[in-house]
Amino acid sequence: MTQPLPQLDAGGRLRHLITLDGLDPGLIRELLDRAQAYQRPPGQPPPRGDDLRGWTVANLFAEPSTRTRASFELAAVRLGADVINLDVMLSSRVKGESIIDTIYTLEAMQVDVFVVRDAEPGIIEFIARHVGGHVSVISGGEAHVSHPTQGLLDALTIRQHKGDLRGLTVTIVGDIRHSRVARSAHRAFTALGVGELRLVAPPEMMPEPQEFEGARRHVSFDEGIRGADVVMMLRIQKERITVAKPTDIERYHENYGLTAARLATAKPQAIVMHPGPMNRGVEITSEVADGPQSVIRRQVANGVAMRMAVLAHIADARRRRAP
Amino acid sequence: MTQPLPQLDAGGRLRHLITLDGLDPGLIRELLDRAQAYQRPPGQPPPRGDDLRGWTVANLFAEPSTRTRASFELAAVRLGADVINLDVMLSSRVKGESIIDTIYTLEAMQVDVFVVRDAEPGIIEFIARHVGGHVSVISGGEAHVSHPTQGLLDALTIRQHKGDLRGLTVTIVGDIRHSRVARSAHRAFTALGVGELRLVAPPEMMPEPQEFEGARRHVSFDEGIRGADVVMMLRIQKERITVAKPTDIERYHENYGLTAARLATAKPQAIVMHPGPMNRGVEITSEVADGPQSVIRRQVANGVAMRMAVLAHIADARRRRAP
Amino acid sequence: MTQPLPQLDAGGRLRHLITLDGLDPGLIRELLDRAQAYQRPPGQPPPRGDDLRGWTVANLFAEPSTRTRASFELAAVRLGADVINLDVMLSSRVKGESIIDTIYTLEAMQVDVFVVRDAEPGIIEFIARHVGGHVSVISGGEAHVSHPTQGLLDALTIRQHKGDLRGLTVTIVGDIRHSRVARSAHRAFTALGVGELRLVAPPEMMPEPQEFEGARRHVSFDEGIRGADVVMMLRIQKERITVAKPTDIERYHENYGLTAARLATAKPQAIVMHPGPMNRGVEITSEVADGPQSVIRRQVANGVAMRMAVLAHIADARRRRAP
């Protein structure tokens, strides 16, 4: 696992999607454009396609039913794939290499794409290194490390509302240290030339100094939000707030909760994002979450579109590689 | 939640199905007729349709795998829908409003119909009040309050065997106080002009006096079954029988179990119903459950047909509302 | 359950598949040929068909997510069936006969095929005796008794590599006493005229003397493997190794683990099989499992093909029986 992962095929297209690290901005833009083409107004039938007709997608999620799993499942089904859901405790199986046997088994059943969420860093890449040449692996979220489709859908959402990331000030707020969402957002936004990226967190939730290259760090939310075009709140794991006493949660809300008053100090048309699920009243108030500047539900809709785009791109790439 | 729920659209068709309360008998008959058209003899392929082609149905059942969930899943799939199953503990999420965020999330993924079973009264209506204009919510069973598709399928089953509910004597037996099945049956049968509705239960399982308007109450099963056309047994929650000692269960069986001898005191062609799953030997003997007067399996078959009818009606209604 | 199970219809075709006992070798060969026609090279799209279009297959597996369930699910979906997965604790429901009510319920929903895995001997046959004339039951593995599709896929795998079982020496190694895989392999291989079948196990894992008719028994692996054409390792239940201390596992590996050195004493082109999941380092080393003589992944691929063949055969048979 010391070699860089060859996510790309010889034609420069995605074979796997494990991380946004090192992805060419042109490729990211191509994926965003493809997802944009899957947009439909609410109430219209969802977009469909035949890109994955005859393909089998296996969802391997350690947690039984997450919104991300549902999002991938719908994306795959709407592109014509057969989907099987398997609750597998991958991490716990690493001993004895049986994780690889699980993957080999499913591969032998002619699974074409594995979507994997796992709490142990490196497992998803490990799987990608072991699958056959025609099989693709997509991360559905990896420990605190990476959540590439989330980073892409967040970039797409900003682009839809602000046109371009260049020149924008984007503020990410919360437990950045433990956030795969923040890490993938940083990669995507940086690749697309974000003007200024600000990290707002209490010291114990700030990432290591060598991480998040180019971002500014603010312990004060009031300082970090000033003049922002985009305010991206992270879900706080309540267990992480020191001892999670009610008073600690109140203090967290006071210092790092997004209220209407605080939002008023950002740019007038600033948009508010959250990857969900929200702790209403903790990191964000309902007034803001449901207010006119919130694009939170749009993020979810973009999630399905973005996953369709990634799946369709991978299917295209495989067809081009085929003799 | 003080306003009556607008289940119907401006054209008088169902947008949601949360309760049978206040439904027009004409609409109930229309739904029954539609379900009747989905009947197939055993061994024939099930009816299929394209009414939900391109639609996404999400099953949100707190209990992981119930027969009702399977019934809805098959109904939706056979009408061409994509179905996702999510095990969600809705009730436990009401705090912090996160139930609504779950629904908003799925709605943003372009789910068209939510089928929801929940143990907390009011949740399903609460969801229906919050979904977008093109989204429908169908109850899969709500606490002790309501189970509308069960009420409809029970009415359909009676109609198939007896032609018309007018003039019939229907006896419902068991823990009526805690039964959503009984409540929805009461609504459906009353709307269709049932001749006489009798409730048979021990005093502690009898509903409040103001409920079940028009029904006669009998503590004695022998009295309540005399001359009945339909005997509808309810599943007894064994935990509910005082302390559920074997002797209590025996006494319950003695007083409220349907035996062949008791059934002989109903009308000669009386039919026997049970919503399942049965406690054989408690509220019903196997001799009766599997006997010639039992229509219990027919109820199950009608369950799929009835749910197809409701889904197809809702899809029709939405198409008519579309500009 | 004292009568022999009528697995076959009047035309001599399978209606159920519960056991390989008594199956005609011609029928077994026909099933293998059909499965062979579903083979595709890796990277090619899986075979598909319309044989089960309009059919509903219910997977009833007590264990929530097994590879066998996934294999049956993919087989059914690729033949056009609708599939529902139900986690049911069948065995625990036998009391009060509610297992039969579960089956009747699903049958009334027009389920055509039940695939059942259960830990209690006799349950699957019991179900098959109670379903309607148009419904089929397929075992997905029954206690220690029988795993017929596994026996067939194992025979198929040998035939692909060795051409014919006649004249071959096949050695099965491990906890044969508790193995449904070994029992079904014995039936399949014997029906196809295997030259010599050898059982290798420590005394406490050896089956009763009257079982495995015609097989030779060896407590010594070194003796049993000599000159074998096929070495079929079984998964060891670690709990079964006396007290399962690390030293016991080491001793098991020493005496009954397949190493490269031991494999070298079989025939030069001998193939190595394992039904999975493997305990690498216990009953088999990774060197052997991933080595050139291993056909373990091919077994998995054959699993889907074999299940498609059984399902398609059963569908054919039903169509022929139809008036």
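A quick note: this is a predicted structure, and the numbers were derived from the prediction, not measured.

Conventions we followed
Residues numbered from 1 in each chain as written. Chains lettered and ligands numbered in written order. Predicted model: local features only at pLDDT ≥ 70, side-chain atom pairs only at ≥ 80, totals over all residues. Heavy atoms only, no water. Contact = heavy atoms within 4.5 Å. Buried area = accessible area lost by both parts, 1.4 Å probe. Salt bridge = Lys/Arg side-chain N within 4 Å of Asp/Glu carboxyl O. Polar contact = N/O pair within 3.5 Å; in protein donor to acceptor, adjacent residues only side chain to side chain. Helix = DSSP H or I, 4+ residues; strand = E, 2+ residues; numbered from the N terminus. Nonpolar A, V, L, I, M, F, W, Y, C, P; charged D, E, K, R; others polar. Pairing = 2+ DSSP bridges. Axes fitted to C-alpha atoms, helices over the stretch in contact; angles between N-to-C directions. Least-squares fit on C-alpha atoms with pLDDT ≥ 70 in both. Buried < 20%, exposed > 50% of the residue type's maximum accessible area, 1.4 Å probe, protein only. Domains from an automatic or database assignment.

**Remarks on the interface of chain B and chain A**
Across the boundary between the two partners, chain B contributes 19 residues, which contact 25 residues of chain A. On the chain B side of the contact with chain A, Asp101, Met109 and Gln110 of chain B bury the most area, a combined 31% of that side's loss. Remark: the boundary between chain B and chain A carries two salt bridges. For the pair chain B and chain A, the interface holds eight residue pairs in polar contact (both at pLDDT 80 or more). Those elements that provide at least two residues to the side of chain B that touches chain A are strand S2 (82–86) and helix H3 (98–108) of chain B. At five residues, S2 of chain B tops the list of elements feeding residues into the side of chain B that touches chain A. Grouping the constituent residues of the side of chain B that touches chain A by class yields seven nonpolar, seven polar and five charged.

**Describing the pattern of salt bridges**
Think of it this way: side chains of opposite charge can pair up when their charged atoms draw near. Enumeration over the complete set of coordinates arrives at 60 salt bridges over all chains. Note that arginine 159 of chain B and aspartate 33 of chain B form a salt bridge whose closest N and O atoms lie 2.8 Å from each other. Residue arginine 159 of chain B is located in helix H5 (residues 148–162), and its partner aspartate 33 of chain B is located in helix H1 (residues 25–36); the two are separated by 126 residues in the primary sequence. With a shortest N-O distance of 2.9 Å, lysine 267 of chain C and aspartate 229 of chain C are connected by a salt bridge. On the criterion of sequence distance, the pair formed by lysine 267 of chain C in the loop between helix H9 (260–263) and strand S9 (271–273) and aspartate 229 of chain C in the loop between helix H7 (221–225) and strand S8 (230–233) is long-range, its members being 38 residues apart. The network of salt bridges with shared partners includes Arg34, Asp316 and Arg319 of chain A.

**Overview of the sheet that holds strand S1 (residues 56–61) of chain A**
All names here are of chain A. In space, the four strands of this open sheet follow the order S2-S1-S3-S4, with parallel pairing throughout. Edge positions in the sheet fall to strand S2 (82–86) and strand S4 (136–142), since each has one partner strand and no second. Mean inter-strand twist for the sheet, computed between neighbouring axes without regard to direction, equals 15 degrees. The sheet contact formed by S1 and strand S3 (residues 113–118) spans five bridges and is parallel.

**Considerations on the relation of the copies chain B and chain A**
After a rotation of 120 degrees and a shift along the axis of 0.0 Å, chain B superposes on chain A with an RMSD of 0.0 Å. Expressed as a symmetry operation, the mapping of one chain copy onto the other fits a three-fold axis. For chain B, the minimum C-alpha distance to the rotation axis belongs to asparagine 85 of chain B and amounts to 6.1 Å.

**Some points on the interface of chain B and chain C**
Across the contact, 24 residues belong to chain B and 19 residues belong to chain C. Both sides together, the interface formed by chain B and chain C hides about 1,900 Å², and carbon and sulfur atoms give 53% of it. Interface area lost by chain B to chain C is led by Leu74, Arg280 and Arg297 of chain B, which between them contribute 27%. If you look at where chain B meets chain C, you find two salt bridges. For the pair chain B and chain C, the interface holds eight residue pairs in polar contact (both at pLDDT 80 or more). Here the side of chain B that touches chain C gets eight residues from one element, more than from any other, and that element is helix H2 (residues 67–78) of chain B. Split by residue class, the side of chain B that touches chain C holds 11 nonpolar, five polar and eight charged.

**Section: the environment of histidine 178 of chain C**
Residues and elements named next belong to chain C. With respect to the element layout, histidine 178 can be found in the loop between strand S5 (169–173) and helix H6 (180–191). Using a relative accessible area of 33% as the deciding quantity, one classes histidine 178 as partly exposed. Separated by 121 residues in the primary sequence, histidine 178 and valine 57 have C-alpha atoms spaced 29 Å apart. A polar side-chain atom of histidine 178 sits 2.9 Å from a polar atom in the side chain of aspartate 175.

**Focus: the domain arrangement of chain A**
Residue and element names in this part refer to chain A. As assigned here, chain A comprises domain 1 (25–146 + 301–321) and domain 2 (148–297). With centres defined by C-alpha atoms, the gap from domain 1 to domain 2 works out at 26 Å. Counting the surface lost from both domain 1 and domain 2, the interface buries some 2,000 Å², and carbon and sulfur atoms represent 58% of this. Three residues stand out in domain 1 for area buried against domain 2, namely Leu32, His144 and Asn302, and they jointly supply 26% of the buried area on that side. Put simply, domain 1 and domain 2 have one salt bridge between them. If you look at where domain 1 meets domain 2, you find nine residue pairs in polar contact (both at pLDDT 80 or more). Among the elements of the structure, helix H1 (25–36), helix H2 (67–78), S4 and helix H11 (296–321) are those that each provide at least two residues to the side of domain 1 that touches domain 2.

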